[in-house]
Amino acid sequence: QMANCWVSKGIIHHRLENYQLALDYYLRGLVVHERYNNELGIVGTSNNIGVVYNKLNMHEAALELYTENLRKADSTLDLPRIAAMNNNLGETYLSLGQLDNARQALKKAIKINIEQNDNYSLGTSFKTYVLVWNELEQYDSALYYNEKSLELGLNREHPIETAEAKLAEGDIYLNLSDYNK
C-alpha cells in the first residue's frame, strides 16, 4: 500500500510537470516495491521513472532503465507493460536521434497494442511513430500513421488526441513545404 501511495504522489507531480519531485516520489515507491520483491510494481514504477528521466533530458539513464525493465517484463509476459515500455523506449531512441532503433521499438509496441485491442495505447504509439517517420523525411508514412492516430482520437471523441494529430499533420505539411493542405 505504501509503495502505491508514493507512486500516486509521483503521478500527481508528474502531471503537474514537477518532474524532480515526481522522481523523488517514484524512487520512494520503488524502494518499497523492491523491499517486498513486487516485480510488477518494480517494473511499472521504473517505467514511470524512465518517463521522468526523459522529461529531465536524462535519455541515457532512461534507455538503461527501459532495457532492464523489458528484460524483466519479458519474463513475466505482461504484454501491456511490454507495449508501454517499447513505446517509451521508442521515444527515448527518438530523443537520442537513433531513428532505426526508435522505429523497431515502436513497431513492437504497435503490434502488441493491436493484438491486445488497446486503442488508447495504439494511438499513443502511432503519435510517436509519426514523429519518427517525420524525422526520417518519410512524409507519406508520417501522414499515414497520423491519419490512423487521428481516427483513433475521433472514434473515442477525445479532443486532445485529435488536436495533437492535427498539429502533427501541420508539422508534416510544413516539412513538405506544402502549405495548401
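Residues numbered from 1 in each chain as written. Predicted model: local features only at pLDDT ≥ 70, side-chain atom pairs only at ≥ 80, totals over all residues. Heavy atoms only, no water.

## Brief notes about the environment of L96
Mapped onto the fold, L96 is located in the loop between helix 5 (79-95) and helix 6 (99-115). Residues L96 and H59 lie 37 residues apart in sequence; the distance between their C-alpha atoms is 7.0 Å. In contact with L96, other than residues within four places in its own chain, are H59, E60 and L63. (Helix = DSSP H or I, 4+ residues; strand = E, 2+ residues; numbered from the N terminus. Contact = heavy atoms within 4.5 Å.)

## A short note on the pattern of salt bridges
This structure, assessed with the given rule, holds three salt bridges. R103 is the salt-bridge partner of D100, the closest N and O atoms lying 3.7 Å from each other. Residue D100 and its partner R103 are both found in helix 6; the two are separated by three residues, about one turn of the helix. (Salt bridge = Lys/Arg side-chain N within 4 Å of Asp/Glu carboxyl O.)

## Thoughts on helix 5
The terminal C-alpha atoms of helix 5, which comprises 17 residues, lie 24 Å apart, in line with the 24 Å expected from a rise of 1.5 Å per residue. Phi turns positive one or two residues past the end of helix 5, at G97, with a value near 80°. (Expected span 1.5 Å × (residues − 1).)

## Observations regarding the packing of aromatic side chains
Applying the stated criterion to the full structure yields five aromatic pairs. With a centroid separation of 5.8 Å and an interplanar angle of 20°, the aromatic rings of W6 and Y25 are classed as stacked. With W6 in helix 1 (residues 2-15) and Y25 in helix 2 (residues 19-35), the pair connects residues that are 19 residues apart, well separated along the chain. Seen from their ring centres, F126 and Y145 are 5.5 Å apart, and the 45° between their planes marks the pair as tilted. With a gap of 19 residues between them, F126 in helix 7 (residues 119-135) and Y145 in helix 8 (residues 139-155) connect regions that are remote in the sequence. Each member of the pair F126 and Y145 is classed as buried. (Phe/Tyr/Trp six-rings, centres within 6.5 Å; stacked < 30°, edge-to-face > 60°. Buried < 20%, exposed > 50% of the residue type's maximum accessible area, 1.4 Å probe, protein only.)

## Section: the nonpolar core
Buried together is how nonpolar side chains tend to be arranged in soluble globular proteins. I49 and L89 are the most contacted members of the largest nonpolar core, which has 44 residues in total. Going through the elements one at a time, helix 2, helix 3 (39-55), helix 4 (59-76), helix 5, helix 6, helix 7, helix 8 and helix 9 (159-176) are the ones with two or more residues in this core. Sequence-distant contacts of L89, defined by excluding residues within four places in its chain, comprise L63, Y66, L70 and A105. (Core = buried A, V, L, I, M, F, W, Y, C linked by side-chain atoms within 4.5 Å.)

## A look at the packing of helix 6 against helix 7
Interaxial distance between helix 6 and helix 7 falls to 9 Å at its minimum, and their mutual angle equals 155°. As summarised for this structure, helix 6 and helix 7 are arranged roughly antiparallel, according to the angle between their axes. Helix-helix and strand crossings are classified by hand; for helix 6 and helix 7 the assignment is left-handed. Here L99, A102, R103, L106, K107, A109, I110, N113 and I114 of helix 6 come into contact with helix 7, specifically with S121, L122, S125, F126, T128, Y129, V132, W133 and E135. Residue composition of the contact of helix 6 with helix 7, by class: 11 nonpolar, four polar and three charged. (Axes fitted to C-alpha atoms, helices over the stretch in contact; angles between N-to-C directions. Parallel < 35°, antiparallel > 145°, perpendicular 65-115°, else oblique. Left-handed = near helix turned anticlockwise from the far one by under 90°. Nonpolar A, V, L, I, M, F, W, Y, C, P; charged D, E, K, R; others polar.)

## Thoughts on the environment of E68
In this fold, E68 is placed in helix 4. The spatial distance from the C-alpha of E68 to the C-alpha of I42 is 11 Å, given a sequence separation of 26 residues.

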